[in-house]
Amino acid sequence: MPLTLATTTPGEPEIFASLQGEGPSLGRPSTFVRLSRCNLACEWCDTAYTWRFTGDNRFHRDAMAFERRENQVVMEEAELAARIAALEPDRLVITGGEPLLQGAALARMVTALNTARPGMHVEMETNSTVAPHPALDLLVHQYNVSPKLAHSGNPASLALLPERLAAWAADGRAFFKFVIAEEADLAEVMALKDAYAIPGNRLFLMPEGRSSDVIRRRSEWLADFCAANGLRFTDRLHIHLWGDTRGT
Ligand SMILES: Nc1nc2[nH]cc(C(=O)O)c2c(=O)[nH]1
Ligand code: SF4
Ligand SMILES: [Mg+2]
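Residues numbered from 1 in each chain as written. Chains lettered and ligands numbered in written order. Predicted model: local features only at pLDDT ≥ 70, side-chain atom pairs only at ≥ 80, totals over all residues.

Focus: the environment of R173
And then number 1: Among the secondary structure elements, R173 is positioned in the loop between α6 (162-170) and β8 (174-180).
And then number 2: The partly exposed category is assigned to R173, around which 15 C-beta atoms lie within 10 Å.
And then number 3: Remark: the alpha-carbon pair of R173 and A228, spanning 55 residues in sequence, is separated by 25 Å.
And then number 4: In this structure R173 touches V140, H141, Q142 and Y143, once residues within four positions along its chain are discounted. (Helix = DSSP H or I, 4+ residues; strand = E, 2+ residues; numbered from the N terminus. Buried ≥ 20, exposed ≤ 12 C-beta atoms within 10 Å, placed from the backbone. Contact = placed C-beta atoms within 7 Å.)

Digging into the site of ligand 1
And then number 1: As a matter of local geometry, ligand 1 sits amid S18, L19, Q20, G21, E22, F32, T95, E125, H238 and T248.
And then number 2: Of the residues in the shell around ligand 1, the class split is two nonpolar, six polar and two charged. (Near = placed C-beta within 6 Å. Nonpolar A, V, L, I, M, F, W, Y, C, P; charged D, E, K, R; others polar.)

Side note on α6
And then number 1: Within the span of α6, buried status applies to L165, W168 and A169. Angularly, the buried residues of α6 cover 100° about the axis, an arc narrow enough to put them on a single face. Exposed and oriented more than 90 degrees from the buried face of α6 are E163 and A170.
And then number 2: Against β7 (142-145), β8 and α7 (185-196) lie the buried residues of α6. (Arc of directions from axis to C-beta.)

Observations concerning the UniProt feature "binding site: [4Fe-4S] cluster" (unreviewed entry) in the chain
And then number 1: The feature "binding site: [4Fe-4S] cluster" (unreviewed entry), as given by UniProt, occupies C38, C42 and C45 in the numbering adopted here.
And then number 2: Turning to its location among the elements, C42 is positioned in the loop between β3 (29-34) and α1 (68-71).
And then number 3: Other than its neighbours up to four places away in sequence, C42 contacts K148, S152, G153 and N154.
And then number 4: Judged by C-beta crowding, with 23 C-beta atoms within 10 Å, C45 ranks as buried. (UniProt positions renumbered as here; feature names shortened; annotations may be inferred.)

Quick look at the environment of L100
And then number 1: For L100, the location among the structural elements is in the loop between β5 (91-95) and α3 (103-116).
And then number 2: The contact partners of L100, leaving out residues within four places of it in the chain, are T126, V130 and P132.

Observations concerning the packing of helix α2 (residues 77-86) against α3
And then number 1: Look at α2 against α3: their axes get within 8 Å of each other, and the N-to-C directions meet at 45°. Taken together, the axes of α2 and α3 are oblique relative to one another. The handedness of the crossing between α2 and α3 is right-handed. On the side of α2, the interface is formed by E77, A78, L80, A81, A82, I84 and A85, while α3 contributes A105, R108, M109, A112, L113 and A116. (Axes fitted to C-alpha atoms, helices over the stretch in contact; angles between N-to-C directions. Parallel < 35°, antiparallel > 145°, perpendicular 65-115°, else oblique. Left-handed = near helix turned anticlockwise from the far one by under 90°.)

With respect to the nonpolar core
And then number 1: By size, the foremost hydrophobic cluster in this structure holds 54 residues, and its most contacted members are V33, M109, F176, F178 and L205.
And then number 2: Sequence-distant contacts of F176, defined by excluding residues within four places in its chain, comprise V145, P147, I198, R202, L203 and F204. (Core = buried A, V, L, I, M, F, W, Y, C linked by C-beta atoms within 7 Å.)

Structural notes on the pairing of β8
And then number 1: With seven of seven residues buried, β8 is to be regarded as a mostly interior element.
And then number 2: Burial along β8 is two-sided: A174, F176, F178 and I180 facing one way and F175, K177 and V179 facing the other are all buried.
And then number 3: Pairing analysis gives five bridges linking β8 to strand β9 (residues 203-207), with the strands arranged parallel. By the bridge assignment for β9, V179 is matched with M206.
And then number 4: In this region the chain leaves β8, passes through α7 and returns to the parallel neighbour β9; the handedness of that crossover is right-handed. (Pairing = 2+ DSSP bridges. Right-handed = clockwise from strand over helix to strand, strands pointing away.)

Structure below.
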């Protein structure tokens with residue numbers, strides 16, 4: 001089975017070289033691949049074009065519906081590996097949507113990539129709910145794990161899976177990245193940190209926002225909270241640089 005990618009414009013797969021805008025690798029030149037589909041539905045999702053297709057009426061604050069045909073493109077693993085190998089960065093960020101939903105195909109793609117371009121650093125963005133396919137797990141250097149809090153609108157029974165959270169907490173490759181919109185979200189993070197013994201040096205807080213202004217406003221109190229509690233702060237560099245646009 002090939003991979004289903006998101007698109008920048010109809011028919012064009014979302015594969016691009018940029019700077020990692022979030023988390024422990026912020027600022028590093030990286031090639032991004034965005035896969036389509038997600039098993040969650042966050043109210044403030046900034047990539048709803050990966051999952052909120054016509055007929056899907058799960059709540060989203062923009063209530064946008066996307067035509068599946070214009071927003072998905074299917075690609076063979078070898079073709080994707082060749083496109084990544086042809087770009088400059090020696091780091092790959094696989095994102096979505098929820099990329100681990102396509103774990104077996106991703107394992108085949110990264111295996112091909114390792115032949116075409118040995119030494120690539122492979123970083124995976126995930127919403128925390130899907131166990132990595134065992135073959136893929138052997139090929140990933142870093143996970144950026146973003147469990148979704150109550151303000152995402154997802155029921156905790158879908159978004160916060162104890163077995164998964166415990167597994168990520170125990171994996172030194174996994175960096176947690178919580179999206180924070182309100183000060184009320186902080187108590188929820190601290191409870192998860194305690195419950196799963198997540199070390200502060202692997203726990204990032206990131207302001208929710210799709211514009212520089214909103215991110216800046218929330219950063220003021222969020223950065224103070226991080227400093228006072230031994231947690232890491234991450235900006236959303238790509239939003240400041242390029243705004244909320246596909247392919248950046
Ligand atoms: N530059 C850049 N950095 C990112 N880090 C995580 C991203 C994502 O959408 O998962 C992302 C993205 O879309 N662009
Ligand atoms: S988990 Fe990520 S891709 Fe899925 S709905 Fe939430 S923010 Fe969007
Ligand atoms: Mg994003």
